[in-house]
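Tertiary structure, described
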Amino acid sequence: MRRIVIHFALLLITLFSLVGCTPAVKPGEHVMFTTSISDDATPSVVSRILEATNNPISEIKFEKGTYHFYPDKGLEQYCHISNHCDVMVSTPFPLQNFENLTVDGQGSTFIFHGIMIPFLMDESKNINIKNLSIDWETPFHSEGLIVANNAKDKTFDVQFSDDYPYEIRNGQLWFVKPYYEHSLGQTILYDPAREAITFDTESYTNLTAVKGIKTKRNIDKVKYKYEVDKRAVEYKNLGRENKLVCKEIKPGVVRIFNHTKKLPQVGMVLTAKGSQGLNRVAPAFRLTHVYGFKGTNVNIHHAGGMGIIAENSADIILDNFNVTPSHGRMVSTTADATHFVGCRGKVVLKNCTFNNQLDDASNIHGTYQKIVDVLDDYRLGVRMGHDQQKGFTIGIANDTIGLVRLSDSFYPYNELTIKDIQYLNGRYQIITFNEKIPASVKAGDLVENLSAYPEAYISNCNISKNRARGLLLSTPKKTVVENCFFHTEMEAILVPVESGHWYESGNAANVFINNNTFQDCQHSGFDRGVIRFDTDDDNDNIAFRNVEITNNIFNQFDNLILQISNADGVKVSGNKITNSGTFPQLNAQNPVVIINHSENVIFSNNSYDGKASEMIVSDGVANEIQFK
């Protein structure tokens, strides 16, 4: 379709130039859908969108109502989606090669069925989606109430409502949905009284679902010529077998045996979303190479993955873009609320609510790829590091690529610009550069795209009740987090350099965390700070510069507030730290601040009214720092 559009455009230009006049731009049609299509809106919507090449659209409106979308008549496409499974999906909104398009739901609710991506966008500009809600009739996760436990027999019982049909196959519990099914897999507890993750949930979940196998023969003789990612789906079961055994003791009540952590407490809600590597199949929005996107007055109540995943896109504004559960469910999206990979320009999140998702509120980062071949003076062969980064192309022509050796520095030791990228497969691509490759480059070094980091502005957002972190921020461009509320199971804000698991690149500079409230974060049981700067390479190189943490309120049940590592230039000023008393302390031995491998860290005008006996613990480089 793209090639046809290009050839058609060139033909028009040629014809009009011959007659000496300028062609008129054909205005796009304003399309209106009514509730007459509400039983299954997919075929009508897909049909009109696919006609847009010859009959352009500038606006799509929906009469206010509830619209169902089924996958059976949607446009089918196989997708490599960053931080998701590789999956064949159906979509009613295949927005490819669109420009200046508005989709206005006018307050409508879109209800999806099965493995669908509601909005699948690629190679488009200036897209505006507004005034609509997204939900699934049947969620991709399952929830059950803990009704009994037995310490003597080490069992517990879970009651599942009729909303969660199941089968037990050879002692294994499977939840059956239209178009989809999942095992127990990844699990976590919710406290229905707080409608949030249960305090100290790490003591109880994940359920200990697998164990090492005893019988194996000649496994050591299975060899691979090239590097293998044992976390990938095709290898993940090697050396492991099911450990949990499930038995129905009466209709709707399942007894679970062989869990070796603490038994879940009666009254808590167990949420399950299936096995890692198989359970992220249907984000609500997927953007690739979209330049200019606004999501305004959008509610995402569920998705089988992230609320929005944007790759290689630019200038994204989410305003009153909310992720919250519906129908009394504990869970909204089964992964991050928002996620941005290799984006540029600006990422703006304002006036948003991100609640009850099963991963972070937002993750903004680039991607490291590993050099495996120096092919000649101008070409490198690179490999995707994580199974769920497969298919990601690191950049476009003339982007600046940094060559990185993290053992020496978190900053590039040299830079090149892209001439071309040859995509061979999801794991392996060949980058051709405009300049000669330095002789110092060697296999095992990393590449990152220095052109593909955005400025990030996050303001007036509520980030709470979810699993995992609030914000993961890995961009060397300016980052502002202000006037937000955090109540997260893990870190409220994590600023990482991560090169060994997800391969999410990006040191950070010019980070301003101002006027926020942090309420009882890090309550899952992990021994970590509420705000944490961290690298996964244990060295004393500087990764983070020019950080200000000012005028925030920390009302915490536990001691540890800040962990600062590998930073140069951190100002902590005007913050108020109190002990909430909401939960019992989990790590009463901790100080308020831990500092390692850092310099020029200054505290001023902070107030403290908590329980810690020690304010700052630091290594030898920073042992003169005083809390003030």
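Everything discussed here concerns the structure shown above.
This text gives an overview of the structure that appears in the document. In this convention, every chain numbers its residues from 1, walking through the sequence in written order. A pLDDT threshold of at least 70 governs which residues receive local features in this predicted model, and a stricter bar of 80 or more applies before side-chain atom pairs are shown or counted, although totals over entire chains, interfaces and linings include all residues. Side-chain descriptors were evaluated using all non-hydrogen atoms of the structure, hydrogens and water having been removed beforehand.

Regarding the overall build of the protein chain
Secondary structure follows DSSP: runs of H or I at least 4 residues long count as helices, runs of E at least 2 residues long count as strands, and numbering of each begins at the N terminus. When helices and strands are tallied, the protein chain shows two helices and 52 strands. Computation of the radius of gyration draws on C-alpha atoms, with the globule rule given as 2.2 Å multiplied by the number of residues to the power 0.38. Whereas a compact globule of 628 residues would reach a radius of gyration of roughly 25 Å, the protein chain reaches 25 Å, a difference of no more than 12%. Expressed along its principal axes, the backbone C-alpha trace of the protein chain runs to roughly 85 × 65 × 60 Å. Burial classes follow relative accessibility: with a 1.4 Å probe on protein chains only, a residue under 20% of its type's maximum area counts as buried, one over 50% as exposed, and anything between as partly exposed. Here the protein chain, with 628 residues, has 56% of them falling under the buried criterion. We get accessible surface area from the Shrake-Rupley algorithm with a probe of 1.4 Å; when it comes to residues, only the shown protein chains can shield them. As presented, the protein chain carries roughly 25800 Å² of accessible surface, and 48% of it is formed by carbon and sulfur atoms. For the purpose of counting charges, residues Lys and Arg are taken to be positive, whereas Asp and Glu are taken to be negative. His and the chain ends are not included. Charge positions come from single atoms, namely NZ of Lys, CZ of Arg, CG of Asp or CD of Glu. Looking at charge distribution, the protein chain has the averaged site of its 60 positive side-chain charges lying 4 Å from that of its 70 negative ones.

Description of the pattern of salt bridges
The salt bridge criterion pairs a side-chain nitrogen of Lys or Arg with a carboxyl oxygen of Asp or Glu, the two atoms within 4 Å. For the structure on display, the rule yields 24 salt bridges. Between Arg-231 and Asp-229 there is a salt bridge, with the nearest N and O atoms lying 3.0 Å from each other. Judged by relative accessible area, Asp-229 falls into the buried class, the value being 8%. Within the structure, one salt-bridge network assembled from shared partners comprises Asp-86, Asp-229, Arg-231, Asp-387, Lys-390 and Arg-427.

Brief notes about the side chain of Asn-356
In this fold, Asn-356 is placed in the loop between strand S26 (353-355) and strand S27 (362-367). When neighbours within four sequence positions are excluded, Asn-356 is seen to be in contact with Tyr-190, Glu-195, Pro-325, Met-330, Val-331, Ser-332, Thr-333, Ser-464, Lys-465 and Asn-466. Any pair of residues with heavy atoms lying within 4.5 Å of one another is described as a contacting pair.

Notes on the sheet that holds strand S9 (residues 142-150)
Spatially, seven strands are ordered S15-S14-S20-S9-S10-S19-S18 in an open sheet, and the strand pairing comes out antiparallel. Of all the strands in the sheet, just strand S15 (196-197) and strand S18 (245-250) have a single pairing partner and so form its edges. When DSSP finds two or more bridges between a pair of strands, those strands are recorded as paired. In the sheet, S18 pairs with strand S19 (residues 253-257) via five bridges, with the strands oriented antiparallel. Residue pairing in the sheet places Cys-246 in a bridge with Ile-256 of S19.

Re the packing of aromatic side chains
Note on aromatic pairs: the rings of Phe, Tyr and Trp (six-membered ring only in Trp) are paired at centre separations within 6.5 Å, and the planes decide the class, stacked below 30 degrees, edge-to-face beyond 60, tilted for the rest. Overall, the coordinates contain 26 aromatic pairs when judged by the stated rule. Ring geometry for Phe-199 against Phe-583: centres 4.5 Å apart, planes inclined by 15 degrees, an arrangement best described as stacked. Of this pair, Phe-199 sits in the loop between S15 and strand S16 (210-212) while Phe-583 sits in the loop between strand S48 (576-579) and strand S49 (593-596), and the two are 384 residues apart along the sequence. Ring geometry for Tyr-224 and Tyr-235: centres 5.7 Å apart, planes at 85 degrees, overall edge-to-face. In this pair, Tyr-224 sits in the loop between S16 and strand S17 (240-242) while Tyr-235 sits in the loop between S16 and S17, placing the two residues 11 residues apart along the sequence. Against the face of Tyr-413 rests Arg-405, its NZ or CZ located 4.7 Å from the ring centre. Above the plane of the ring of Phe-526 lies Arg-528, whose end atom (NZ or CZ) is 4.3 Å from the centre. To sit over a ring, a charge needs its Lys NZ or Arg CZ within 6 Å of the ring centre and within 35 degrees of the ring normal.

A look at the sheet that holds strand S12 (residues 172-177)
In a beta sheet, neighbouring strands pair by backbone hydrogen bonds and run either parallel or antiparallel. An order of S11-S12-S13 is seen for the three strands of this open sheet, with the pairing classed as antiparallel. Both edges of this open sheet fall to strand S11 (166-169) and strand S13 (180-183), since each of them pairs with a single strand only. Averaged over all pairs of adjacent strands, the angle between strand axes in this sheet comes to 30 degrees, irrespective of strand direction. Pairing of S11 with S12, which is carried by four bridges, proceeds in the antiparallel orientation. Within the sheet, the bridge partner assigned to Glu-167 lies in S12 and is Trp-174. Axis lines are fitted through C-alpha atoms, for helices just across the contact stretch, and the angle between N-to-C directions can take any value from 0 to 180 degrees.

Examining the environment of Ile-431
Locating Ile-431 in the fold gives a position in strand S32 (residues 428-433). Each C-alpha atom, one on Ile-431 and one on Gly-444, is 15 Å from the other, the two residues being 13 residues apart in sequence. Setting aside its immediate chain neighbours within four residues, Ile-431 contacts Tyr-378, Arg-379, Leu-380, Val-382, Ile-394, Ile-418, Asp-420 and Ile-421.

Quick look at the nonpolar core
Nonpolar cores are built from buried Ala, Val, Leu, Ile, Met, Phe, Trp, Tyr and Cys residues. Side-chain atoms within 4.5 Å join them into one set. Core analysis: the biggest nonpolar cluster contains 115 residues, and Phe-119, Phe-285, Phe-293 and Ile-493 have the highest contact counts within it. Of the residues forming this core, the biggest block, eight residues, is contributed by strand S8 (residues 119-136). Not counting chain neighbours up to four residues away, the residues in contact with Phe-285 comprise Phe-119, Met-121, Ile-129, Ile-134, Phe-293, Val-298, Ile-300, Gly-307, Ile-308, Ile-309 and Phe-321. Grouped together as the second largest cluster of nonpolar side chains are 20 residues, Phe-160, Tyr-166, Cys-246 and Val-254 included.

Details of empty space enclosed by the protein
Definitions used for this entry: grid spacing 1 Å over protein atoms alone; cavity, a set of points where a 1.4 Å probe fits but cannot get out; pocket, an open set with protein on both sides within 12 Å along at least 5 of 7 lines; lining residue, one with an atom within 4 Å of a point. Grid points are joined across faces, edges and corners, and a volume is the space filled by probe spheres set on the points. Applying the stated criterion across every chain, the model contains four cavities of 30 Å³ or more. Reported here for the largest cavity is a volume of approximately 60 Å³. Residues are grouped as follows: Ala, Val, Leu, Ile, Met, Phe, Trp, Tyr, Cys and Pro are nonpolar; Asp, Glu, Lys and Arg are charged; all remaining types, including Gly, are polar. Residues of the lining of the largest cavity, tallied by class, amount to four nonpolar, five polar and three charged.

Concerning the environment of Leu-380
With respect to the helices and strands, Leu-380 occurs in strand S29 (residues 379-384). According to the relative accessible area criterion, Leu-380 is buried, its value standing at 0%. Considered as a pair, Leu-380 and Ala-443 are 63 residues apart in the sequence and their alpha carbons are 9.3 Å apart. Those residues within four positions of Leu-380 in sequence are excluded, and the remaining contacts are Ile-371, Asp-373, Val-374, Leu-375, Leu-403, Gln-429, Ile-430, Ile-431, Phe-433, Ile-437, Val-441 and Val-447.

Regarding the environment of His-523
For His-523, the position within the fold is in the loop between strand S42 (517-519) and strand S43 (531-535). Taking the C-alpha atoms as reference, His-523 lies 34 Å from Lys-250; in sequence the two are 273 residues apart. With residues up to four places along the chain from it excluded, the contact list for His-523 reads Arg-194, Ile-197, Thr-198, Phe-199, Asp-200, His-487, Thr-488, Glu-489, Phe-557, Phe-583 and Leu-586. Among the polar contacts made by the side chain of His-523, one reaches the main-chain carbonyl oxygen of Asp-520 at a distance of 2.9 Å. Each polar contact in these results corresponds to two N or O atoms within 3.5 Å; when the atoms are within protein, one needs to be able to donate a hydrogen and the other to accept it, and residues that are neighboring in sequence are counted only if both atoms are side-chain atoms.

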